[in-house]
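Summary of the model geometry
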Amino acid sequence: MNAYLNIESNDPDICSKWKANEVEETMIELEIPIENEWSWLEYVLVHSFEDYDIDVDALVKILKSSDSILIDMMHNGIRIDIQYACS
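Note that this is a predicted model, so its numbers are computed, not measured.

What counts as what
- Residues numbered from 1 in each chain as written.
- Predicted model: local features only at pLDDT ≥ 70, side-chain atom pairs only at ≥ 80, totals over all residues.
- Heavy atoms only, no water.
- Helix = DSSP H or I, 4+ residues; strand = E, 2+ residues; numbered from the N terminus.
- Buried < 20%, exposed > 50% of the residue type's maximum accessible area, 1.4 Å probe, protein only.
- Contact = heavy atoms within 4.5 Å.

Regarding the environment of Ser-39
- Within the fold, Ser-39 resides in helix 2 (residues 39-48).
- Residue classification places Ser-39 among the buried residues on the basis of a relative accessible area of 5%.
- Remark: the alpha-carbon pair of Ser-39 and Glu-24, spanning 15 residues in sequence, is separated by 8.1 Å.
- With near-sequence residues (within four places) excluded, Ser-39 lies in contact with Met-27, Pro-33 and Ile-34.

A short note on unusual backbone geometry
- Of note in this structure, Glu-31 is not a glycine but carries a positive phi near 60°.
- Its relative accessible area of 73% is what places Glu-31 among the exposed residues.
- The phi torsion at Asn-76 lies on the positive side, around 50°, for a residue other than glycine.
- As for its placement among the helices and strands, Asn-76 is situated in the loop between strand 3 (68-75) and strand 4 (78-86).

Structural data, given as structure tokens:
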């Protein structure tokens, strides 16, 4: 899958950019099963938001429902901007 995820925030611990193929390569190296085309996205979001009370399953459903989406949200005073695109 040719997709990417970009997270920007006033919490520098969660800011980063990921490409699906690079994340999947890492998952293979770590012997983490790739169950579907969204496994990389679930993997990144679970790790990115492990210290947050965010419904990652719902977030994945929102992101995969579009080829390109930008989500701006506030969570307990933390600004989180998520940009996702798939081509």
